Amino acid sequence: MKQKTGILEKLFDLGIYTVLLALVAVTLYPLLYVVLASFSDAGQLVAYKGILYKPMGFSLEAYRSVMSNPGILTGYRNTLFILIAGVCVNLVMTALGAYVLSRKNVLWNKWFMLVIVFTMFFHGGLIPLYLIVKNVGLLDSLWSTVIPFAVSTFNLIIMRTAFMGIPDSLEESAKIDGANHFTILFRIIVPLSMPVIAVMILYYAVDKWNGWFYASVFIKSRELFPLQLVLREILISNSTDSMSAGTDAGDRYQIAETIKYATIIVATVPVLCIYPFVQRFFVKGVMVGSLKG
């Protein structure tokens, strides 16, 4: 029997929808503003005051300036290397660690897990990490942003929990057929854990794509700067002179504003394009990785 919805419940639902719409607007408008500003005419954008709801004089000059900057293209190349190499290393190392920690017959398993969880809250700090990277010869190398961060403790725990949810009978059957641990992991466990693997790819990929701090610490050569470090230099250090060359001093300030917005879009669009393809795995993967402790 269908219950009638009371006036208080309707008001409550209306309030919830209003709050959600307000949150969507607050979250979406900054991104929309950046997109519209990047396609605007520099002079009109600087002179305009108020809410931006359309491009102020459509112009692609900012994007032409951004794509003509060799630092952007070099940053893309370096970031793609860090992204591909980093995600591959992260997935392999996290899967290996999660598999070992999820097995019930591993000696001192709980102690290993305790030590690993301890690192989430206490660590040596930046200076010991810098000295280690320097002493192993990774300083001023793209690998300095990959090797020291091969495993995330949080992601390791999620993947371990997901592996623990796979029935032990599958592993026992595989061992009877002569499968070793690598065969069990990569041909049985991993294929059955694809939602979690997709979530790990998303977590690691976004982290690698947005990472700039450790690159600024370990990398000094400009030709090795990742994209986000180039973006930071443009936004914070106001380094747009190389992209606004050929314009007079008065116009250089104006076009610098649209160049900043265009650079943000160029650095953000790839992640926004990839996310819809893994979004359907996202909720399922996180829930699978959070059911057991």
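As a reminder, the structure under discussion sits directly above these lines.
Keep in mind it's a predicted model, so treat the numbers as computed, not measured.

Caption draft 1: Geometry of the overall build of the chain. The helix and strand tally for the chain stands at 13 helices and zero strands. When the elements of the chain are put in sequence order from the N terminus, they spell out α-α-α-α-α-α-α-α-α-α-α-α-α. Put simply, the chain has 293 residues, and 35% of those count as buried. Considering only contacts within the chain whose residues lie at least 6 apart along the sequence, 73% involve residues at least 24 apart. Surface summary for the chain: the accessible area is close to 17,900 Å², and the carbon and sulfur share equals 69%.

Caption draft 2: Geometry of the packing of helix 4 (residues 70-102) against helix 12 (residues 227-236). Remark: helix 4 packs on helix 12, axes separated minimally by 7 Å, with the N-to-C direction vectors making an angle of 145°. Along its contact with helix 4, which presents Gly71, Ile72, Gly75, Tyr76 and Thr79, the element helix 12 presents Leu227, Gln228, Val230 and Ile234. Residues belonging to the contact of helix 4 with helix 12 are distributed by class as follows: five nonpolar, four polar and no charged.

Caption draft 3: Summary view of the nonpolar core. In terms of nonpolar packing, the biggest core is built from 55 residues, with Ile72, Met159, Phe163, Ile189 and Met200 touching the most fellow members. Sorting elements by how many residues they give to this core places helix 4 first, with ten residues. Once residues within four sequence positions are removed from consideration, Met159 is found in contact with Thr94, Ala95, Ala98, Val196, Ile197 and Met200. Counting five residues, the second-largest nonpolar core is a separate cluster that includes Leu129, Leu138, Val217 and Phe218.

Caption draft 4: Representation of unusual backbone geometry. Within the chain, Trp108 stands out as a residue other than glycine whose phi angle is a positive 60°. Mapped onto the elements of the fold, Trp108 is located in the loop between helix 4 and helix 5 (109-118). Trp108 gets classed as exposed once you look at its relative accessible area, which sits at 57%. Phi angles above zero are rare outside glycine, and Asp140 is one such case at about 60°. Along the polypeptide, Asp140 turns up in the loop between helix 6 (126-135) and helix 7 (153-164).

Caption draft 5: Molecular detail of the environment of Pro55. Tracing the chain through its elements places Pro55 in the loop between helix 2 (42-47) and helix 3 (61-67). For Pro55, a relative accessible area of 29% gives the class partly exposed.

Caption draft 6: Spotlight on the pattern of salt bridges. Using the criterion set out here, one finds five salt bridges in the structure. The shortest N-O distance in the salt bridge between Arg103 and Glu171 comes to 2.4 Å. Taken together, the residues span a long stretch of sequence, with Arg103 in the loop between helix 4 and helix 5 and Glu171 in helix 8 (residues 168-176) at a distance of 68 residues. For the salt bridge of Lys175 with Glu171, the shortest nitrogen-to-oxygen distance reads 3.3 Å. Taken together, the residues Lys175 and Glu171, both in helix 8 and four residues apart, mark about one turn of the helix. Lys175 sits in the partly exposed class, given a relative accessible area of 38%. A relative accessible area of 10% places Glu171 in the buried class. It is possible to trace a salt-bridge network through shared partners that takes in Arg103, Glu171 and Lys175.

Quick notes on the rules
Residues numbered from 1 in each chain as written. Predicted model: local features only at pLDDT ≥ 70, side-chain atom pairs only at ≥ 80, totals over all residues. Heavy atoms only, no water. Helix = DSSP H or I, 4+ residues; strand = E, 2+ residues; numbered from the N terminus. Buried < 20%, exposed > 50% of the residue type's maximum accessible area, 1.4 Å probe, protein only. Contact = heavy atoms within 4.5 Å. Areas by Shrake-Rupley, 256 points an atom, 1.4 Å probe, with all protein chains shown as cover. Axes fitted to C-alpha atoms, helices over the stretch in contact; angles between N-to-C directions. Nonpolar A, V, L, I, M, F, W, Y, C, P; charged D, E, K, R; others polar. Core = buried A, V, L, I, M, F, W, Y, C linked by side-chain atoms within 4.5 Å. Salt bridge = Lys/Arg side-chain N within 4 Å of Asp/Glu carboxyl O.

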